[in-house]
Amino acid sequence: MRIDIITCLPEILKGPLDQSILKRAIEKGKVEVCVHNLRDFADNKHKSVDDYAYGGKAGMVLMIEPIDKCIQTLKDNRAYDEVIYMSPDGKRFEQPMANELSLCKNIILLCGHYKGVDERVREHLITREISIGDYVLSGGEIAAAVVADSIIRLLPGVLSDESSALTDSFQDGMIAPPVYTRPAEYKGLKVPEVLLSGNEKLIEDWLADQAEQRTKKRRPELLD
Ligand code: SAH
């Protein structure tokens, strides 16, 4: 899979893509992530990609031209399943959407900034809009990192078998059971006996029961 991220602030994306699971996935070639600086597609001599909003209201708006040029350049080289604009009023991003997007071959994530992008971008250049929640961020970069992370960890060969994404919360409509590691006792706090028993059947049953109890308590609506 390939993920192209379009942004006017590529620096923000460096950290998240350069650590731990995502870094290894990229190094192992399980996914290709390319970050594109909108400024590289700005024609004017100041390389500016934003301008004042028409109508005299406060806040800058990302211009359509550099965004259009960047998307066209990418499309000239390959076909994209989706061109996605990160937006607080888009469809709420949840696990099923991550699962769906992880099956794509090529996607573009477009990050807005300031007041957002010129509405004509949203009307004509993109195929869907995704929000990571009902709050407003300064830019789409962190939202794009969230979406990219949740997709990449689902790709084959990215997680080891033991940490399979299938046993994580939300995959089977349940919250994941608790996890423990050594020591078996810390300041009198004990790991549940059953996990030390070595009895696979008992452990499986206990984990399933814990998942159910937790889901009932924390997220009962998932069971509906
Ligand atoms: N004026 C817009 C908010 C702009 S925030 C409004 O009121 O709806 C600047 C940029 O941050 C947006 O263009 C978008 O790309 C990104 N962004 C902010 N909040 C987001 C969220 N919850 N999910 C996804 N992207 C978000």
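Since we're looking at a predicted model, the values are computed, not measured.

## Remarks on the overall build of the protein
- Along its length, the protein carries eight helices and nine strands.
- Taken against the 2.2 N^0.38 rule, which gives 17 Å for 224 residues, the C-alpha radius of gyration of the protein at 22 Å runs more than 25% over that of a compact globule.
- Viewed in the frame of its principal axes, the protein has a C-alpha envelope of about 70 × 40 × 35 Å.
- A sequence separation of at least 24 residues applies to 75% of the contacts in the protein between residues at least 6 apart.
- A total of about 13700 Å² of accessible surface is found on the protein, and carbon and sulfur atoms cover 51% of it.
- Charge-centre separation for the protein: the mean point of 30 positive side chains lies 3 Å from the mean point of 37 negative side chains.

## What to know about helix H6 (residues 141-152)
- Along its 12 residues, H6 runs 16 Å from first to last C-alpha, staying within 8% of the 16 Å computed at 1.5 Å per residue.
- For H6, the tally of buried residues reaches nine of 12 residues, placing the bulk of the element in the interior.
- The set of residues buried in H6 consists of Glu141, Ala143, Ala144, Ala145, Val147, Ala148, Ser150, Ile151 and Ile152.

## So, the pairing of strand E1 (residues 2-7)
- In terms of residue burial, E1 counts as a mostly covered element, since six of its six residues are buried.
- Side chains Arg2, Asp4 and Ile6 project from E1 onto one buried face, and the interleaved Ile3, Ile5 and Thr7 project onto a second face that is buried too.
- The pairing of E1 with strand E2 (residues 32-37) spans six bridges and is classified as parallel. If you follow isoleucine 3 over to E2, its bridge partner there is valine 33.

## A closer look at unusual backbone geometry
- In this structure, the amide linkage connecting arginine 182 to the following residue, proline 183, adopts the cis form with an omega of 5°.
- Looking at the secondary structure, you find proline 183 in the loop between H6 and strand E8 (185-186).
- Even without being a glycine, serine 20 presents a positive backbone phi close to 50°.
- Looking at the secondary structure, you find serine 20 in helix H2 (residues 20-27).
- What makes serine 20 partly exposed here is its relative accessible area of 47%.
- Despite not being glycine, lysine 187 shows a phi value in the positive range, around 50°.
- Along the chain, lysine 187 falls in the loop between E8 and strand E9 (189-190).

## Focus on the side chain of serine 150
- By the secondary structure assignment, serine 150 is in helix H6.
- Under the relative-accessibility criterion, serine 150 is labelled buried at 15%.

## Examining the domain arrangement of the protein
- We note that the domain assignment places domain 1 (2-152) and domain 2 (169-223) within the protein.
- Between the C-alpha centres of domain 1 and domain 2 the distance comes to 37 Å.

## Things to note about the site of the ligand
- As a matter of local geometry, the ligand sits amid 20 residues, with Tyr85, Met86, Gly112, Tyr135 and Leu137 nearest to it.
- The backbone of serine 87 places a nitrogen or oxygen atom 3.4 Å from a nitrogen atom of the ligand.
- Take glycine 140: an N or O atom from its main chain is 3.3 Å from an oxygen atom of the ligand.
- Taking 560 Å² as the accessible area of the ligand by itself, protein coverage stands at 85%.
- Elements represented by at least two residues in the shell around the ligand include exactly strand E5 (82-92) and strand E7 (128-131).
- Looking at the shell around the ligand residue by residue, the classes come out as 10 nonpolar, nine polar and one charged.

## Concerning the nonpolar core
- Of all hydrophobic cores here, the largest spans 29 residues; its most connected members are Met86, Leu101, Leu109, Val147 and Ile152.
- Of all the elements, H6 adds the most residues to this core, at seven residues.
- When neighbours within four sequence positions are excluded, isoleucine 152 is seen to be in contact with Ile3, Leu22, Ala25, Val31, Val33 and Val158.
- Judged by nonpolar contacts, the second largest core, of 20 residues, contains Ile6, Cys8, Phe41 and Val121.

## Observations regarding the pattern of salt bridges
- Inspection of every chain in the model, using the stated rule, returns 16 salt bridges.
- Its salt-bridge partner being arginine 92, residue aspartate 134 comes within 3.1 Å of it at the nearest N-O pair. Linking aspartate 134 in the loop between E7 and H6 with arginine 92 in strand E5, this pair joins segments that are 42 residues apart in sequence.
- A relative accessible area of 40% means that arginine 92 is categorised as partly exposed.
- For the salt bridge of arginine 122 with glutamate 119, the shortest nitrogen-to-oxygen distance reads 4.0 Å.

The rules behind these values
Residues numbered from 1 in each chain as written. Predicted model: local features only at pLDDT ≥ 70, side-chain atom pairs only at ≥ 80, totals over all residues. Heavy atoms only, no water. Helix = DSSP H or I, 4+ residues; strand = E, 2+ residues; numbered from the N terminus. Rg over C-alpha atoms; globule rule 2.2 N^0.38 Å. Contact = heavy atoms within 4.5 Å. Areas by Shrake-Rupley, 256 points an atom, 1.4 Å probe, with all protein chains shown as cover. Lys, Arg positive; Asp, Glu negative; His and termini not counted. Charge placed at Lys NZ, Arg CZ, Asp CG, Glu CD. Expected span 1.5 Å × (residues − 1). Buried < 20%, exposed > 50% of the residue type's maximum accessible area, 1.4 Å probe, protein only. Pairing = 2+ DSSP bridges. Domains from an automatic or database assignment. Near = heavy atom within 4 Å. Polar contact = N/O pair within 3.5 Å; in protein donor to acceptor, adjacent residues only side chain to side chain. Nonpolar A, V, L, I, M, F, W, Y, C, P; charged D, E, K, R; others polar. Core = buried A, V, L, I, M, F, W, Y, C linked by side-chain atoms within 4.5 Å. Salt bridge = Lys/Arg side-chain N within 4 Å of Asp/Glu carboxyl O.

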